[in-house]
Amino acid sequence: MHPTPALQSHHASHDREIESLAEFDEVVSTRRTLAHFRVQAVDLTDRTDALLAADVTGAVFLGCPMTPEAATRVAAVGALVFPPIPGLPFDPYRGFVYTPDELFDGLGEGYEATPDALSYAWFQRTRADGDVFASMLRAVHDDAVSDALDELLVGARVVGVMGGHAMARGTEAYAGAARLGRALARAGFTVATGGGPGAMEAANLGAYAAPFEDAMLTEALAVLAEVPSFVPSVTDWARAAFEVRSTWPGGGPSAGIPTWFYGHEPPNAFAAHIAKYFSNATREDGLLARCTAGVVFLPGAAGTVQEIFDNATPNYYRSRGEPTPMVLVDTAHWTEHLPAWPLLQALARERPMAARVALVERIEEAPEALKRLGG
């Protein structure tokens, strides 16, 4: 067995936030006040007595179900109440990132019945209708997800693994990406990906496999190879992943940061923590900004090229502090097929980031390259 990093669930700078019923009860019993607290998506229907008695001056209740009596009282004495929004397939005020079980709930009836698919369908209906209310809900949701992700990753050494969604299960490239995720997790890093299929799923799978003996990953890869892609059936693709999870429960943690903007790409079930966004721009910038220990770029297409230079820009200008390591994998891909490496080298020349970029031939070389670059 191998150690894997634990992810945090809360942070001192958020000590005025209440995100669970247990936290609510603790605050009421120990501090005896809710003044200036932010209570986020907590069902308070059975806490009417506490809400009637507590000082709620300056408190904000975001999407918290409560009785009409309690809602009237807290609003009358100075609290701000944002009521739950009925009829949505997602909670815009949520206090935590998603789990695979949450997004894929109802998979037994087919992927189309899951909250993930229903949220994408809602997004498709509302994204171009010009309704300011719908756009506000998306923005509130994405900000809540960012807040939850920041709390989750406090103190973590995060390494991003970027790569294309088209990398099929059953290929050597997929197996290599999984071994990379496993190696990074065993080295104490938190693996973060774009949260989708292909190379992203493989890296999250590797992190999931990190606590087990090596044979587990080999066997899991064989199970997954029976359904190589999410096309034509997301349902079959996801069920294969959940079969692996049920056969080997209790895998290691990692983060997936996908988007409903690419709704045809489902999230993968191996990222224990899924920060899913409506805005792809917010998602892309947030994913790379949180990769504080570096990023490994596997072969990919336009999306991966974009991520390379989205990451290179703050390294070039040092807008996020010292440059972070960037490791590109597969010489032929990044110098001939899509020659991003020569441009990256040219940008880095005579700047501090020059010592933080590397090109390696094989995926097995990436962890050592990260270490060499200071990841």
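Position numbers for residues start from 1 in each chain and track the written sequence from start to end. Predicted model: local features are reported for residues with pLDDT of at least 70 only, side-chain atom pairs are reported and counted for 80 or more only, and whole-chain, interface and lining totals are derived from all residues. In computing side-chain properties, one takes all heavy atoms of the structure into account and sets aside hydrogens as well as water.

Side note on helix 11 (residues 280-289)
Argument step 1. Buried residues of helix 11: Asn 280, Arg 283, Glu 284, Gly 286, Leu 287 and Leu 288, and no others.
Argument step 2. Tucked into the core, helix 11 has its buried residues touching strand 5 (158-162), strand 6 (190-193), strand 9 (295-297) and helix 12 (302-317). Each residue's exposure class comes from its accessible area (1.4 Å probe, protein chains only) as a fraction of the maximum for that residue type: buried when under 20%, exposed when over 50%, partly exposed otherwise. Helix and strand assignments come from DSSP, with helices taken as H or I runs of at least 4 residues and strands as E runs of at least 2, each series counted from the N terminus. Any two residues whose heavy atoms approach within 4.5 Å at even a single point are treated as in contact.

A word on a nonpolar patch on the surface
Argument step 1. Put simply, a patch holds well-exposed residues, over 30% relative accessible area, that have no salt bridge, with like charges counted together within 9 Å and Val, Leu, Ile, Met, Phe, Trp or Tyr side chains within 5 Å. The protein chains shown are the only cover counted for residues, whose accessible areas, like all others here, come from Shrake-Rupley with a 1.4 Å probe. Whenever Lys or Arg places a side-chain nitrogen within 4 Å of a carboxyl oxygen from Asp or Glu, that contact is recorded as a salt bridge. Together, Val 132, Phe 133 and Met 136 give the surface a local cluster of nonpolar side chains, amounting to about 290 Å² of exposed area.
Argument step 2. Its place among the elements puts Met 136 in helix 6 (residues 132-152).
Argument step 3. Judged by relative accessible area, Met 136 falls into the partly exposed class, the value being 41%.

What to know about the pattern of salt bridges
It is possible for side chains bearing opposite charge to pair when their charged atoms get close.
Argument step 1. Under the criterion given, the structure shown has 15 salt bridges.
Argument step 2. For Arg 94, the salt bridge goes to Glu 102, with nearest N and O atoms at 3.0 Å.
Argument step 3. The class of Arg 94 is buried, set by a relative accessible area of 8%.
Argument step 4. The class of Glu 102 is partly exposed, set by a relative accessible area of 32%.
Argument step 5. The partner of Arg 186 in a salt bridge is Asp 214, with the nearest N and O atoms 2.8 Å apart. Placement of Arg 186 in helix 7 (residues 172-186) and of Asp 214 in helix 9 (residues 214-225) is noted, with a sequence separation of 28 residues between them.
Argument step 6. Accessibility expressed as a relative area gives 22% for Arg 186, which makes it partly exposed.
Argument step 7. Residue classification places Asp 214 among the partly exposed positions, given a relative accessible area of 41%.

Quick word on unusual backbone geometry
Argument step 1. Across the junction of Val 231 and Pro 232, the peptide omega takes the value 10°, indicating a cis bond.
Argument step 2. Despite not being glycine, Glu 350 has its phi angle at roughly 65°, a positive value.
Argument step 3. Mapped onto the elements of the fold, Glu 350 is located in the loop between helix 14 (340-348) and strand 11 (357-360).
Argument step 4. With a relative accessible area of 82%, Glu 350 lands in the exposed category.

Points about the sheet that holds strand 2 (residues 38-40)
Argument step 1. In this analysis, strands are considered paired if DSSP registers two or more bridges between them. The strand order across the open sheet built from four strands is 1-2-3-4, with neighbouring strands paired in parallel fashion. Edge positions in the sheet fall to strand 1 (17-18) and strand 4 (80-82), since each of these pairs with one other strand and no more.
Argument step 2. Pairing analysis gives three bridges linking strand 3 (residues 60-62) to strand 4, with the strands arranged parallel. Looking at the pairing, Phe 61 lines up with Val 81 of strand 4.

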